[in-house]
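Residues per chain, in single letters:
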Amino acid sequence: MNTSLRAGRRRRKTTAALFLTPFYALFIATMVVPIGYAIWLSLFTEKTSGLGFGGTRRVFSGFGNYADALGDEKFRDGFVAIGLYCLLYIPVMVGTALALALLLDSALARARRFFQLALFLPHAVPGIIAALIWVYLYTPGLSPVVELLESGGIHWDFLASDTALFSIVNIATWEWIGYNMIIFYAALQAIPREVVEAATVDGAGPVRIAVSVKIPMIRAAVAMTMLFTIIGSLQLFTEPSILSDANPAVGSSWTPNMYAYSAAFRANDFGLAAAASVLLAVFAAALSFGVTRLSSGRRTA
């Protein structure tokens, strides 16, 4: 009997290993190896000799690239820009997505399937295509939006230096609001209808039910969305990169990701680019850990 049990356990372990092997192989090839190579590359720098005629050689620099990245004002300013972006983008995107999900979940909503699809469609558009579309809509003389605003006496330059942040936030919100709305709506569908009906019997109106019943019951989904939004914000690259060609205020190092890209493919300093990428990854991991601890602490409280 014991022999057959042990044989059954071995077969289950073998089967599990066979199914898990492709995942671990892909994970190591696409995650562990690139991260390890980036860390290794960040410890070296390229040196030229012979007034530039002697070729280049790779020299071990230790943490020199990290010190150069942290000491570069452009790299630090990238985090400031991301911080301002998060302060504006996260409340607008999460708040609007949550409000739309609550409206679709309400008893007054009609044609839910149509509005779900209509709101989700912008997320199906690739980010670079969406950014190009919005650059067209921002350009005076070409944009029907700018022309419509000017016809109403509103003069707003979407490509001005002081409006660049708002323009980028608008593009990102348009892209991601439908995706997060679907997450919130799915969480709302999991709320027992008896709870909502009990609140209705007690005399609570739709707004009170949404604020006091529904939102607290989907707090985990809201926290998850906040976490993913923060991580995605730190990786901001496509929208400002496209907008930088039309807006001089958005330089090639406007975000940390853009700084790393510029260092690698414009300055050919792959060690500095790797160090900047590693620093950004460490910052994202620390911030994600803090947000997770904060949200779990609130749930237990």
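Here, every reference points to the structure presented above.
An account of the accompanying structure is given in this report.

Here is what the cut-offs are and how they apply
Residues numbered from 1 in each chain as written. Predicted model: local features only at pLDDT ≥ 70, side-chain atom pairs only at ≥ 80, totals over all residues. Heavy atoms only, no water. Patch = residues over 30% accessible without salt bridge, like charges linked within 9 Å, V, L, I, M, F, W, Y side chains within 5 Å. Areas by Shrake-Rupley, 256 points an atom, 1.4 Å probe, with all protein chains shown as cover. Salt bridge = Lys/Arg side-chain N within 4 Å of Asp/Glu carboxyl O. Helix = DSSP H or I, 4+ residues; strand = E, 2+ residues; numbered from the N terminus. Lys, Arg positive; Asp, Glu negative; His and termini not counted. Charge placed at Lys NZ, Arg CZ, Asp CG, Glu CD. Phe/Tyr/Trp six-rings, centres within 6.5 Å; stacked < 30°, edge-to-face > 60°. Buried < 20%, exposed > 50% of the residue type's maximum accessible area, 1.4 Å probe, protein only.

Examining a nonpolar patch on the surface
There is a patch of nonpolar side chains on the surface, built from L20, F23, Y24, F27, I28, M31, V32, V33, I35 and I39 and spanning about 920 Å² of accessible area. With respect to the element layout, F23 can be found in helix α1 (residues 2–42).

Structural notes on a positive patch on the surface
A cluster of like positive charges, contributed by R9, R10, R11, R12 and K13, occupies part of the molecular surface. Relative to the assigned elements, R12 resides in helix α1.

Focus on the packing of aromatic side chains
Per the stated rule, a full pass over the model turns up 19 aromatic pairs. A ring pair is formed by Y85 and Y89, whose centres lie 4.9 Å apart and whose planes are at 20°; its orientation type is stacked. Of the two residues, Y85 and Y89 are both situated in helix α3 (residues 73–105); the distance of four residues between them amounts to about one turn of the helix. Of the two residues, Y85 and Y89, both sit in the buried class. Note on W156 and F158: the rings are 6.4 Å apart at their centroids and 65° apart in plane angle, and the pair reads as edge-to-face. Among the residues examined, W156 registers a relative accessible area of 41% and is labelled partly exposed. Put simply, the rings of W134, Y138, W156, F158 and W174 touch in pairs and so form one group of aromatic residues.

A closer look at the pattern of salt bridges
In the structure shown here, the tally under the stated rule is two salt bridges. Across the pair D105 and R193 runs a salt bridge whose closest N-O atoms are separated by 4.0 Å. Here D105 is found in helix α3, whereas its partner R193 is found in helix α8 (residues 193–201), with 88 residues between them in sequence. Residue classification places D105 among the buried positions, given a relative accessible area of 6%.

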